[in-house]
4 protein chains.
Amino acid sequence: MTHKIAILGASGYTGAELVRLIATHPSMEITALGANSKAGQSMAEVFPHLRHLDLPDMVTIEQIDFSAIDLCFCALPHKTSQEVIKALPRDLKIVDLSADFRLRDPAAYEKWYGNPHAAVELQKEAVYGLTEFYRDEIAGARLVAGTGCNAATGQYILRPLIAAGVIDLDDIILDLKCAVSGAGRALKENLLHAELSEGYHAYAVGGTHRHLGEFDQEFSAIAGRAVNIQFTPHLIPANRGILATGYVRGEAQVIHDTLVATYQNEPFITVLPMGEAPSTRHIRGSNFCHIGVVADRIAGRVIVIAALDNLTKGSSGQALQNANLMLAEPETTGLMMAPVFP
Amino acid sequence: MTHKIAILGASGYTGAELVRLIATHPSMEITALGANSKAGQSMAEVFPHLRHLDLPDMVTIEQIDFSAIDLCFCALPHKTSQEVIKALPRDLKIVDLSADFRLRDPAAYEKWYGNPHAAVELQKEAVYGLTEFYRDEIAGARLVAGTGCNAATGQYILRPLIAAGVIDLDDIILDLKCAVSGAGRALKENLLHAELSEGYHAYAVGGTHRHLGEFDQEFSAIAGRAVNIQFTPHLIPANRGILATGYVRGEAQVIHDTLVATYQNEPFITVLPMGEAPSTRHIRGSNFCHIGVVADRIAGRVIVIAALDNLTKGSSGQALQNANLMLAEPETTGLMMAPVFP
Amino acid sequence: MTHKIAILGASGYTGAELVRLIATHPSMEITALGANSKAGQSMAEVFPHLRHLDLPDMVTIEQIDFSAIDLCFCALPHKTSQEVIKALPRDLKIVDLSADFRLRDPAAYEKWYGNPHAAVELQKEAVYGLTEFYRDEIAGARLVAGTGCNAATGQYILRPLIAAGVIDLDDIILDLKCAVSGAGRALKENLLHAELSEGYHAYAVGGTHRHLGEFDQEFSAIAGRAVNIQFTPHLIPANRGILATGYVRGEAQVIHDTLVATYQNEPFITVLPMGEAPSTRHIRGSNFCHIGVVADRIAGRVIVIAALDNLTKGSSGQALQNANLMLAEPETTGLMMAPVFP
Amino acid sequence: MTHKIAILGASGYTGAELVRLIATHPSMEITALGANSKAGQSMAEVFPHLRHLDLPDMVTIEQIDFSAIDLCFCALPHKTSQEVIKALPRDLKIVDLSADFRLRDPAAYEKWYGNPHAAVELQKEAVYGLTEFYRDEIAGARLVAGTGCNAATGQYILRPLIAAGVIDLDDIILDLKCAVSGAGRALKENLLHAELSEGYHAYAVGGTHRHLGEFDQEFSAIAGRAVNIQFTPHLIPANRGILATGYVRGEAQVIHDTLVATYQNEPFITVLPMGEAPSTRHIRGSNFCHIGVVADRIAGRVIVIAALDNLTKGSSGQALQNANLMLAEPETTGLMMAPVFP
C-alpha cells in the first residue's frame, strides 16, 4: 500500500530533506508540495538537487486537496505552523517539524516564543516526537510535534540518566556545537560563508535558547521535580551535525551501563564503547546517533557526548521515523542509508 | 537472488563508498572485505560511519575464498591492482577501480604510469567502464576497468560532441575543478585542512595528468584520428565534486541538441536547459551528473560544463552501476538515492 | 605629515579591508567613516574585528566636512558611487572602488551596467587604477577608478602578453576561480555557508560578466584593435582569493620572459620560475600577486595562471597603493604585510 | 638598533607565523633559520607565502653562529626542544614555543609528557610566558617558556577570577573549541580536509590533555591550594582560532568587573560589554583576545568565553610579545595588525 504524502513548507531545508528521504521510501508517494511563496514553481527550480524526481509542482496550501492525503508533514516556520494546522482537517495525520506543538503548557509556550498560542486545543492533543521515548503514543497519534534538533541531541544523552536517577539533577551542563544548516535558509550575515567559515561563536548564551523550553518540560516530567540545565549552543563552520557535550555528575560506568541498557535495541542509536567519543563526520546525512561516555579525571564527573545530523535524526529523519509509526510501517523504512563520508 | 560480493582495498575512500552504496542494495551481500594493511580490524574501526552495518572483518586477500564470491570490486592502488587481479581466479567477475586496466595499449600504459604492465593479457580482456558508452560490453564482461573520475566527467561532455562531429577536434580545453576526496586518503601537506581550506590551485598543469591517457585513447578512437585535448585540473577546497568546464568550438544549439539526444534516456545524466550551468552542490553523494551548455558571446564558441560526485558517479557509483549490469540486475539498483544538500 | 582620510561605504567588506590596511599606515589617519545605513554606529558594532582601533563613528555622507579631508576612498555600491562622487568637492582626491569610473566610454558603461552614466564629465577625468600600468597617471590624478578584482587578475597575466604581441589575440580564454568575499556582504542563498561550502559552480557564463567591459577596453587599447576574450568566472568555497587560469597561444619561454621583464621591479608581483603554478593559499590577506607559466603538451599552447587576494590586491590594497601614489607617499607603505598562512 | 634573530624549527606553522610577524617588525632582523630536516632549502620552497621576504636559507642548528644572535626563538617539537636548548650558549636569550619549559616541577613534566626532563636546571630558570601575568619576570628573563595555546586561552578567563577569589574553585569547566592549525603540520588522517571539514569532535576527553599540566600548576599557585579544572578540547573545522567556553560559579557582575579591572590597560585583551560573546572571526590573524561574560539563567552560574588566534596570541604572537620585553622594545611592536576578516 502506498501512502499519499503532503509536505507543507517544501522550500526550506527540512522540507528538502524530507523529499530526499521519502524519494527512496517504498510505500510513500509525495502527492502535494505546499510552499506559498514559491507556489507555481517546480521543486527542481527551488532545489535543483531533486530534479531527477517526479514530483508535483509547488502549490499554495489552499490548493491542496487534503482529503486525498494520508499524512502531512508541516515544515513551516514557527507560529505559521499553528495557524496552518488549525485550519487543516481534524482527522488528517500530521507530523509538524516546527516548534509550535512541542510545549504542552500554553504558558511555557508563550514564555519561550513570545506570543500566545493560537491553537491551544491542538497543543493538548499533540504528542512529543522523540521517537525512542514516545513510540507508543506516536503510533497512535494524529498530531506529532517534532522536537528541536538541539533538544533531541541533549535528550538522547540526558533522559536515560535522569530517569535512572544516576546523575545529580542540579548540576547538568550541555555545551552544544551545531552546524549551520540548523539555522535554516535564513539570509543573515553571520550565516554567509565569508563570515562563518573561519568564525565560530556561542549564541543564545546564558539560558535564552528556546530549546530550553523542551529540556525543562521533559526533564522535569521525568524527574518529577523541576530540572533546569545550563545550555550553551555554539555555531560551527560545518553544514550538518550537532555535537552535544554534556557535563554531569555520577559514576561513569553506571552512566555507560544506563545508556547501553536504554538503547541496546534501538536501530538508530549507538552507544560507543566506554571511553570513546563520537564525531559528527560519522553520522552525516544519516539517521544515526552516536553516544560516548568518558570519565573525567575528577572522580564523580563524567562527560557524555552525542553526535547526530541536525537535518536527519534531528529533524526530517525523525519526522519520517514518526510517520512510519503513525502509518503502521516498519519504523526504519527509508532511513537505513549509511552516512556520507568523506 | 543475493550476489556475494568481495571488496579488496576496503580501507580507502572508494572502498568505503562502495560499502555505503551496497549497504542498501537489495540483492548484494558483502561477504569479504580485503585490506592487507588493516587485516584483522573491523570496518567500524577503520570507518566508524559504517558501524551500524553487519560486515565481515577485514582480512588479507589471501584469506578470501573467491570460489564463494560472485563479483569482486578492487579498490586497490594503481599497480598493486594488476598484480592482485592477475592472481585471482580467471572466471571471477571483477570491477577494478584502479587505473590499471583503463588503457588498452601497453605502451600507452607505460607512458602514463611509468612502469611496464604486469598483466598485459588481462589488459586486452578488460572493458572500459564508462557505463553509458560501453553498456553492452560491460554486461558481458568479466573484467571491467573503472574510469578515472576526471576522465569520466570530461568524457560525458565531450564524447557525444566528438562522435557527432559537431566541434573542432583541434581546439578543446578542459578546465577541471576537483574536490579533495579525489586525492584519496593520502597523507600529504597540501591535503591538510589547514592548507587546503582557504587555498586552491592548479596541478599537473600542461598536460601531465594521467587521465589524459584515457582522454587520448577514447577520443581518438571515436574520432578515428588523433585527438589531443588540453586538460588542467585544479584542487578545490571541497570534499566531493568535480566540475569540468569545457571550452569548445561549434554551435551551441547543435551541441545542446547532441547532448540531449545522447542522454535523453539515461537515468543518471541530465542535460540542463540551454544556458543553465550546473553546480556540484546539486549532485553530492549521488550517482547523478548534470550537464550545461552555454553559448559564448563570441560566435562559434561554446562552454559545456559537467558536475558529478567524484566518489559516486566518478568512481564507486559507476562501479556499482557496472556490477549491476554484469550480474544482470537492473542498472540503477542501489543508486537512485537523492543528492545530499545542504 | 599625516594625511586625513575619509572612507565612504565603510560598512562593506572593502571598506573594512581599507580600515584594516590603513590601521598600520604610518602617515594616514582615518578621520571620517561614511555609511548612510549604519550612521550613528561605531565601527566596532559593525565590524567587531576592528574594535581595537580608535576610529570615528559612522556618519552620513552629508555630515562629513570634506574640506578637512586629504583623500577619500569610496567603497560604495555601483551607481550610488557616481551620484555621491558627483556631489563631492571637485578638488578632493578620490579613489573609487566601485565600477562606476572604470569604463571611459559612456556607451560601454551603459551596455555593461544597464543605465546611462550620471557623471559623464567625471568619467573622462578618471584614471584607471591598475597601478603597475597607470602609475604616472595615478600619481597625478584626482579621481582614480579602482579596477574589478577579476579584471585586475586577468590583466596581470594578459596585458604584458598583448602589449608584447607574443600571443594570438583571437584565442584567449580566462577561466577564473573567485572566492566568495568577492560577492560582498550580499545576502543571497548561494552565498550561505550551507550552500556554498560544498558547492561550486560557474556563473555569468558565456561572456556576460561585467568585468569583460574592462578587459575589452584595456586589451583593445593596448592592441590597437578589438580584442575580445572568453571569460568564465567560478565561485569557489573559500573566502579570499582569485585564481585566474589563462589559456593562450604562443611560446611558453617567450611568454615567461615577457612577464619576468614586465614585473621584475614590481614590489607586489612575482613571476614564479617556469613551470610552477601559484596557489591562493600563498597570497591570502596580502597585496602580492603570484604568476606562473606552464607550457602545454600541445606545442604553441601555454597556460598562464595568476593568484591574488580579491579584497587586498584586487580591491582595497590596490586602492591604498594608488592613494599612496596620489599623496606622494612611497607606493608600498602599509602594504608589505606577509600573507596569512595557514 | 636592530636585533639579530634566529628561529629554530622554522619549517612548522609557528615558525612560519614568527617569520610573518617579524617581517614587519622595525627593529628585528632574521639572520638565521634552523630546520634540520629542510636544511639547504629556502624559506620560499617550504613556505611560498613568504617568498617576497629576503631571508637566509634554512640551515642545521649546528651551522648557526649563535654568538651573532641577540635572541633565538625555538619552535621545535616537544622533547627535541629541551635537548637543543641545553646545548645552546647559556647567555643566549631564548623564547621557547614548545612545551618543554612550561612546567616548573620535573615530576609534573614527567607525568604529563611521559619522559624525564633532560634539562632540569634550565627548567628552573625558565619564566612562564603568559605575558600579561609575568611581564616583569619576562623582561628580565633569559629563557621564556611560551604557553600552550589552549592553556593561554583558559588562563585569560580564569586567572583573574581565581586570584580575586570570585569563583568556586571546585567547579570549573572549560569546554574549548580549537581550530586545526593548533595540531601543527602533522600528517594525520583526521587533519585531512576530506575528514575534518564536515566533522568535529572532542579529543583528549576526561582530563588527559597535556595543557592541564599548565592549568594545574598556575591555578594552584594562584589559589594557594590545589585547583583542578575539567577541560575538554574539541577540534573544529577552521584553521585559526580558539574559543574557550568557561562554566563557573559566582556573580556575573563581579566576574565582569574583575576581568575589566584586570585587563583595562592591556593592549591586546578586550573585555566585551556584559552579556556579549566573542567570535573567533574577529581575532583571526591578530594578537588580540576578546573575552565575554554572560550570566546564566540559573543564579550563581556564569559563562565566560574567550577567543584568540592559536597561532598568533596563542603562540607566535605571544612569543614576539615576550621577545620585545626581553629586548627592551615596546611590547606591542610588530603586533598591532588588525585581524583579517572576512
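Everything below is about the structure printed above this text.
Residues numbered from 1 in each chain as written. Chains lettered and ligands numbered in written order. Predicted model: local features only at pLDDT ≥ 70, side-chain atom pairs only at ≥ 80, totals over all residues. Heavy atoms only, no water.

1. Quick notes on the packing of helix H7 (residues 149-164) of chain A against helix H9 (residues 211-223) of chain A
Residues and elements named next belong to chain A. Contact geometry of H7 with H9 gives a least axis separation of 10 Å together with a crossing angle of 20°. In terms of orientation, H7 lies roughly parallel with respect to H9. Considering only the axes of H7 and H9, their crossing is right-handed. Across from Cys149, Asn150, Ala151, Gly154, Gln155, Leu158, Arg159, Ile162 and Ala163 in H7, the residues of H9 making contact are His211, Glu214, Phe215, Glu218, Phe219, Ile222 and Ala223. Residues belonging to the contact of H7 with H9 are distributed by class as follows: nine nonpolar, four polar and three charged. (Axes fitted to C-alpha atoms, helices over the stretch in contact; angles between N-to-C directions. Helix = DSSP H or I, 4+ residues; strand = E, 2+ residues; numbered from the N terminus. Parallel < 35°, antiparallel > 145°, perpendicular 65-115°, else oblique. Left-handed = near helix turned anticlockwise from the far one by under 90°. Contact = heavy atoms within 4.5 Å. Nonpolar A, V, L, I, M, F, W, Y, C, P; charged D, E, K, R; others polar.)

2. Things to note about the interface of chain A and chain D
If you look at the interface, chain A gives 56 residues, while chain D gives 56 residues. Carbon and sulfur atoms supply 50% of the area buried between chain A and chain D, which totals about 4,500 Å² over both sides. The largest contributions to the chain A side of the interface with chain D come from A:Glu198, A:Tyr200 and A:Arg297, which together make up 21% of the buried area. Counting across the interface, chain A meets chain D through six salt bridges. For D:Asp171, the salt bridge goes to A:Arg249, with nearest N and O atoms at 3.1 Å. Going through the elements one at a time, strand S8 (173-179), helix H8 (193-196), strand S9 (201-202), H9, strand S10 (230-236), strand S11 (242-249), strand S13 (289-295) and strand S14 (301-308) of chain A are the ones with two or more residues in the side of chain A that touches chain D. Here the side of chain A that touches chain D takes six residues from S8(A), the largest share from any one element. Of the residues belonging to the side of chain A that touches chain D, the class tally is 27 nonpolar, 15 polar and 14 charged. (Buried area = accessible area lost by both parts, 1.4 Å probe. Salt bridge = Lys/Arg side-chain N within 4 Å of Asp/Glu carboxyl O.)

3. Quick word on the interface of chain C and chain B
Taken together, the contact between chain C and chain B spans 56 residues of the former and 56 residues of the latter. Contact between chain C and chain B buries roughly 4,500 Å² in total, counting both sides, with carbon and sulfur atoms accounting for 50%. Contact with chain B buries area across many residues of chain C, yet C:Glu198, C:Tyr200 and C:Arg297 alone supply 20% of it, more than any other trio. The residue inventory of the side of chain C that touches chain B, partitioned by class, reads 27 nonpolar, 15 polar and 14 charged.

4. Overview of the sheet that holds strand S8 (residues 173-178) of chain C
All names here are of chain C. The seven strands are arranged S9-S10-S8-S11-S14-S13-S12 in an open sheet whose pairing can be described as mixed. The open sheet terminates on both sides in strands that have one partner only, identified here as strand S9 (201-202) and strand S12 (269-271). By the bridge criterion, three bridges tie S12 to strand S13 (residues 289-295) in an arrangement that is parallel. Opposite Val271, over in S13, you have Ile291 as the bridge partner. (Pairing = 2+ DSSP bridges.)

5. Let's talk about the pattern of salt bridges
Under the criterion given, the structure shown has 80 salt bridges over all chains. The salt bridge involving A:Arg135 is made with A:Glu266; its shortest N-O contact spans 2.7 Å. A residue pair is termed long-range when its members are at least 10 positions apart, and A:Arg135 in helix H6 (residues 131-139) and A:Glu266 in the loop between helix H10 (252-263) and strand S12 (269-271) qualify at 131 residues. Among the salt bridges present, the one from B:Arg20 reaches B:Glu17, with a minimum N-O distance of 2.9 Å. Separated by three residues within a single helix, B:Arg20 and B:Glu17 lie in helix H1 (residues 13-22), roughly one turn from each other. Salt bridges sharing common partners tie together A:Glu17, A:Arg20, A:Arg240 and A:Asp309.

6. Some details on helix H9 (residues 211-223) of chain B
All names here are of chain B. Compared with an ideal rise of 1.5 Å per residue, which puts 13 residues at 18 Å, H9 spans 18 Å between its outermost C-alpha atoms and is within 8% of the ideal. The buried fraction of H9 amounts to 10 of the 13 residues, a majority that puts the element mostly inside the structure. Those residues of H9 not exposed but buried are His211, Leu212, Gly213, Glu214, Phe215, Asp216, Gln217, Glu218, Phe219 and Ser220. For H9, the secondary structure elements touched by its buried residues are helix H4 (106-113), strand S6 (127-128), helix H6 (131-139), helix H7 (149-164), strand S8 (173-179) and strand S10 (230-236). (Expected span 1.5 Å × (residues − 1). Buried < 20%, exposed > 50% of the residue type's maximum accessible area, 1.4 Å probe, protein only.)

7. Observations concerning unusual backbone geometry
The omega angle of the peptide bond from A:Phe341 to A:Pro342 is -5°, so this bond is cis rather than trans. On the secondary structure map, A:Pro342 appears in the segment after helix H11 (312-326). The phi torsion at D:Lys79 lies on the positive side, around 80°, for a residue other than glycine. As for its position among the elements, D:Lys79 is in the loop between strand S4 (71-74) and helix H3 (80-86). The class of D:Lys79 is partly exposed, set by a relative accessible area of 41%. At D:Ala204, a position not held by glycine, the phi torsion is positive, near 45°.

Without other data, these values stay purely geometric and don't point to any function.
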